[in-house]
Amino acid sequence: MSIWFTEKQTENFGITMKVNRTLHTEQTEFQKLDMIETEEWGNMLLLDDMVMTSQRDEFVYHEMVAHVPLFTHPNPENVLVVGGGDGGVIREILKHPSVKKATLVDIDGKVIEYSKKFLPEIAGMLEDPRVDVQVGDGFMHIAKSENEYDVIMVDSTEPVGPAVNLFTKGFYAGISKALKEDGIFVAQSDNPWFKADLIRDVQRDVKEIFPITSLYLANIPTYPSGLWAFTIGSKKYNPLEVAEERFHEIETKYYTKELHQAAFVLPKFVQDLVK
Ligand code: SAM
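- You'll find the chain entered in an unreviewed UniProt entry as Polyamine aminopropyltransferase, with Peribacillus simplex given as the organism.
- In UniProt, the chain has this text filed under Sequence similarities (unreviewed entry): "Belongs to the spermidine/spermine synthase family."

**A short note on the side chain of H96**
- Structurally, H96 can be placed in the loop between α2 (88-93) and β7 (101-106).
- Those residues within four positions of H96 in sequence are excluded, and the remaining contacts are H67, L70, F71, R130, H248 and I250.

**A closer look at the UniProt feature "binding site: spermidine" (unreviewed entry) in the chain**
- When the UniProt feature table is mapped to this numbering, "binding site: spermidine" (unreviewed entry) covers H62, D86, D155, S156, T157 and E158.
- Its location among the elements puts H62 in helix α1 (residues 58-72).
- Since its relative accessible area comes to 1%, H62 is described here as buried.
- When sequence neighbours within four positions are dropped, the list of residues in contact with H62 reads T53, D86, G88, V89, R91, E92 and I122.
- Reaching out from H62, the side chain makes a polar contact with the side chain of E58 at a distance of 2.8 Å.
- In this structure, D86 sits in the loop between β6 (78-83) and α2.
- Setting aside residues up to four positions removed in sequence, D86 forms contacts with L45, T53, H62, V111, S115, I122, A123 and D155.
- A distance of 3.2 Å separates the side chain of D86 from the side chain of H62, its partner in a polar contact.

**Details of the sheet that holds strand β5 (residues 50-54)**
- In space, the five strands of this open sheet follow the order β1-β2-β3-β4-β5, with antiparallel pairing throughout. At either margin of the open sheet sits one strand with a lone partner, and together these are β1 (3-10) and β5. The sheet shows a mean angle of 45° between the axes of neighbouring strands, direction not considered.
- The pairing of strand β2 (residues 13-27) with strand β3 (residues 32-38) spans seven bridges and is classified as antiparallel. Bridge pairing in β3 places H24 opposite M35.
- Along the sheet, helix α3 (residues 109-118) makes contact with β2, β3 and β4 (42-47), crossing β3 at roughly 15°.

**Observations regarding the UniProt feature "active site" (unreviewed entry) in the chain**
- Mapped onto the present numbering, the UniProt feature "active site" (unreviewed entry) falls on D155.
- Counting through the fold element by element, D155 comes out in strand β9 (residues 149-155).
- Apart from residues no more than four positions distant in its own chain, D155 is found in contact with Y61, V81, V82, G83, G84, D86 and V89.

**Observations concerning the nonpolar core**
- Counting 48 residues, the largest nonpolar core has I90, I93, M153, Y216 and F230 as the members making the most contacts within it.
- Shared between two domains, this core holds at least three residues of each, these being domain 1 (3-54) and domain 2 (58-239 + 251-261).
- Ignoring any residue separated from it by four or fewer positions in sequence, one finds I90 in contact with V81, A102, L104, M125, L126 and V131.
- Judged by nonpolar contacts, the second largest core, of 21 residues, contains F167, L179, V206 and F210.

**Examining the site of the ligand**
- Around the ligand, 24 residues are found, and the nearest of them are Q31, D106, G138, P162 and Y223.
- Measuring from a nitrogen atom of the ligand, one finds a side-chain N or O atom of Y61 at 3.4 Å.
- One nitrogen or oxygen atom from the main chain of G138 is found 2.8 Å from a nitrogen atom belonging to the ligand.
- Within the complex, the protein chains bury 100% of what would otherwise be the 590 Å² of accessible surface of the ligand.
- Counting contributing residues per domain, the shell around the ligand is built from domain 1 (3-54) and domain 2 (58-239 + 251-261), each supplying no fewer than three.

How each quantity is defined
- Residues numbered from 1 in each chain as written.
- Predicted model: local features only at pLDDT ≥ 70, side-chain atom pairs only at ≥ 80, totals over all residues.
- Heavy atoms only, no water.
- UniProt positions renumbered as here; feature names shortened; annotations may be inferred.
- Helix = DSSP H or I, 4+ residues; strand = E, 2+ residues; numbered from the N terminus.
- Contact = heavy atoms within 4.5 Å.
- Buried < 20%, exposed > 50% of the residue type's maximum accessible area, 1.4 Å probe, protein only.
- Polar contact = N/O pair within 3.5 Å; in protein donor to acceptor, adjacent residues only side chain to side chain.
- Pairing = 2+ DSSP bridges.
- Axes fitted to C-alpha atoms, helices over the stretch in contact; angles between N-to-C directions.
- Core = buried A, V, L, I, M, F, W, Y, C linked by side-chain atoms within 4.5 Å.
- Domains from an automatic or database assignment.
- Near = heavy atom within 4 Å.
- Areas by Shrake-Rupley, 256 points an atom, 1.4 Å probe, with all protein chains shown as cover.

In structure tokens form, the structure reads like this:
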């Protein structure tokens, strides 16, 4: 008899998937953590019954969070990831030779521990000498940082529980302070089908702080609606004005320099959210 996991993406809609076995489950200090082996998507991390990442489609999200800002900035050396305990964004950051240090601050050490154990191809670079892994609240880390980072990536859970503060205007103001004078940040910003208000509010808040603010999209089949949004805020460099020579060779499965541009071309109903 097959077991199925369903993520309710709204009160009235969800996705369901066949589960071969549960690899680990526990209630951590911050959230319910499940690591399951699915038939379709391989091993998958769930937090509070929400899909975080899977072996089969993780590359889309991790490449798009990392490479858009890292190719936009002409010389990214010091990078911060807020959240990101599965290690996928760190793996992508390290493909950029200019990066000297990548700091990861995730509030839940158990996510890091079990990602290393069950998602080695995603978490495998967390031990790299250029990486500084800290277990702590990203909101507090940002609050005590000033003029330090070239690029900041917010790879957090949904704006509930421990991540609720990571979608506030105060947090984005803190990010601006933590960035250098030509810094760039990207934040995962959920989806335009079910979270239009969130996207509209985040764009409004970020526009009041960053001179260059935009939204780009990617297809992530295991995330709510499959259409995922990323907010970018930049103090100086425009993500759509990247010099051709900046695009050095890197190994990717989704990101390309053409897609870097195309991802910012929005469907009409999404354009209306960011006006
Ligand atoms: N790609 C996923 C998405 O878009 O929903 C996010 C994956 S990553 C595993 C999310 C991480 O955010 C979790 O490991 C969680 O512990 C972390 N997190 C939530 N709130 C946080 C906070 N205030 N400070 C640092 N990390 C936080």
